[in-house]
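A structural walkthrough
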Amino acid sequence: MGKPMKIRAAVKDGMTEVKILMQHDMETGLRKDADGSLIPAWFITEVKAEYDGRVVLDAQFGQSISKNPYLMFSFKGGSAGEKVKISWVDNKGDSRSDEVTISA
Amino acid sequence: MSKEIDLGRRKALSTGGIGLLALFGGASLLRPGEALAEWNQPAFTSKAVDEALSSLGATNPEESSVYIRLTVPEIAENGAVVPVGISTSLPKVEQIAIMVDKNPNVLAAVFTIPEGTAPEVTTRVKMGKTAHVVALVKSDGKYYRTSKEVKVTAGGCGG
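Residues numbered from 1 in each chain as written. Chains lettered and ligands numbered in written order. Predicted model: local features only at pLDDT ≥ 70, side-chain atom pairs only at ≥ 80, totals over all residues.

1. Here we look at the overall build of chain B
The condition that has to hold: Comment: elements are numbered from the N terminus, with helices defined as DSSP H or I runs of at least four residues and strands as E runs of at least two. Counting other C-beta atoms within 10 Å of its own, a residue is labelled buried from 20 upward, exposed at 12 or fewer, and partly exposed in the gap between, with every C-beta atom placed from the backbone. Residue pairs qualify as contacts under a 7 Å threshold applied to their C-beta atoms, which are placed from the backbone.
When helices and strands are tallied, chain B shows 3 helices and 9 strands. When its helices and strands are written in sequence order, chain B yields α-α-α-β-β-β-β-β-β-β-β-β. For chain B, buried positions account for 34% of its 159 residues. Look at the contacts in chain B between residues 6 or more apart in sequence, and 64% of them connect residues 24 or more apart.

Here it is in structure tokens:
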């Protein structure tokens, strides 16, 4: 189970803006540790945002995304008090889902 | 000698394990009725922009700095965290992708934009050295790109 995300979602003028901060090392698989051996690749490969039972954003990540990935996007609609759900999966099969209530 | 053999075996076991885990982990999260694209391995292991473009089915995208706004810093003091924003005035946007042309794996992210979601994303990427950030947008079935150079004073892939 991954570490919890920080998510903010706010609706303004009919658009819901979502800001996500994930907690993940995002190891490229190209770095070496103190002994000179390669640190295996470990990174989020997919992020999905859902609102009202539909996917509002689907992202695929590679190793070039920074450690503790940040993501901002917005979608049409969304009501204050309703929830947005964010889920990610990494290349080791670990995953995490968090929900946030949309603020006005 | 025996240590070497052991290490080799351990390596083989661990990489095999990761592959299997990734396979099962990916599959188990896909619930029926959700049309999620599978992680595009050929594109994400591409070593050059042209290779990544063809893996995404985006050969010869039209150059368009007018319709695509790529927001990156001119100079990045820390290559480990470079903010990248992409927005576009193009209609019917289905996909947005970010690449860093000098990174070992050039493709950083591919966003699928459903109807109703704004064609605008912001994230942060790692840059090993001074390079061009490439934004790719698929609009109404056609691909467009633009790029900007970011000067990196301290690389983000050290270790």
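On we go.
2. A few points about the overall build of chain A
Check the secondary structure of chain A and you find 0 helices and 7 strands. The order of helices and strands in chain A, counted from the N terminus, is β-β-β-β-β-β-β. For chain A, the spread of C-alpha atoms along the three principal axes comes to 55 × 20 × 20 Å. If you take every contact in chain A between residues at least 6 apart in sequence, the share linking residues at least 24 apart comes to 53%.

3. Comments concerning the confidence of the model for chain B
Residue and element names in this part refer to chain B. Selection criterion: Confidence of the predictor at the level of single residues is given by pLDDT, which spans 0 to 100.
Scored by pLDDT, chain B has a mean of 83; 74% of the residues are at 70 or more. Considering only residues more than four positions removed or in separate chains, one finds that residues 1–5, a stretch of pLDDT under 50, has 0 contacts. Interface confidence for the predicted complex, expressed as ipTM, amounts to 0.95; the pTM equals 0.84.

4. Comments concerning the sheet that holds strand 5 (residues 70–76) of chain A
As a reminder, the rule being used: Pairing between two strands requires that DSSP report at least two bridges joining them. All axes here are fitted lines through C-alpha atoms, helices being fitted over the stretch that makes contact, and every angle between N-to-C directions spans 0 to 180 degrees.
With antiparallel pairing, the 6 strands of this open sheet are ordered in space as 1(A)-2(A)-5(A)-7(B)-4(B)-2(B). The two strands at the open ends of the sheet, each matched to only one other strand, are strand 1 (6–12) of chain A together with strand 2 (68–71) of chain B. The sheet shows a mean angle of 15 degrees between the axes of neighbouring strands, direction not considered. Bridge count for strand 1 of chain A against strand 2 (residues 15–21) of chain A is 7 bridges, and the pairing is antiparallel.

5. Points about the interface of chain A and chain B
Inclusion rule: Think of it as three bins: nonpolar holds Ala, Val, Leu, Ile, Met, Phe, Trp, Tyr, Cys and Pro, charged holds Asp, Glu, Lys and Arg, and polar takes everything else, Gly as well.
Listed per partner, the contact involves 36 residues of chain A and 38 residues of chain B. Contributions of two or more residues to the side of chain A that touches chain B are made by strand 3 (44–51), strand 4 (54–61) and strand 5 of chain A. Split into classes, the residues belonging to the side of chain A that touches chain B amount to 16 nonpolar, 12 polar and 8 charged.

6. Digging into unusual backbone geometry
Phi at Asp13 of chain A is positive, roughly 50 degrees, even though this residue is not glycine. We note that Lys92 of chain B has phi near 45 degrees; this positive angle belongs to a residue other than glycine. Mapped onto the elements of the fold, Lys92 of chain B is located in the loop between strand 4 (82–88) and strand 5 (93–100). Taking the C-beta count within 10 Å as the criterion, Lys92 of chain B has 12 such neighbours and is therefore assigned exposed.

7. Thoughts on the nonpolar core
Rules: Here a nonpolar core is just a set of buried residues of the types Ala, Val, Leu, Ile, Met, Phe, Trp, Tyr and Cys, joined wherever their C-beta atoms sit within 7 Å.
Ala97, Ile98, Met99, Leu107 and Ala109 of chain B are the most contacted members of the largest nonpolar core, which totals 61 residues. In this structure, Met99 of chain B is in contact with Val49, Ala52, Val106, Leu107, Ala108, Val134 and Leu136 of chain B, ignoring residues within four places of it in sequence.

8. Comments concerning the environment of Asn105 of chain B
Relative to the elements of secondary structure, Asn105 of chain B occurs in the loop between strand 5 and strand 6 (107–112). Beyond its immediate sequence surroundings of up to four residues, Asn105 of chain B is in contact with Gly62, Gln63 and Ser64 of chain A together with Phe44, Thr45 and Ser46 of chain B.

9. A look at the environment of Ala10 of chain A
All names here are of chain A. Inspection of the secondary structure puts Ala10 in strand 1. The partly exposed category is assigned to Ala10, around which 16 C-beta atoms lie within 10 Å. Along the backbone, Ala10 and Glu27 are 17 residues apart, and their C-alpha atoms lie at a distance of 31 Å. If sequence neighbours within four positions are ignored, Ala10 has contacts with Glu17, Ile102 and Ser103.

10. Things to note about the pairing of strand 2 of chain A
Residues and elements named next belong to chain A. The two faces of strand 2 differ: Thr16, Val18 and Ile20 on one face are buried, but Met15, Glu17, Lys19 and Leu21 on the other face are not. Where strand 1 folds back onto strand 2 in an antiparallel hairpin, the turn is made up of 2 residues, including Asp13, whose phi is positive at roughly 50 degrees. Direction of pairing for strand 2 relative to strand 5: antiparallel, over a ladder of 7 bridges. Of the residues in strand 5, the one forming a bridge with Leu21 is Tyr70.

11. Description of the environment of Thr112 of chain B
Locating Thr112 of chain B in the fold gives a position in strand 6. Here Thr112 of chain B falls in the partly exposed class, since 18 other C-beta atoms lie within 10 Å of it.

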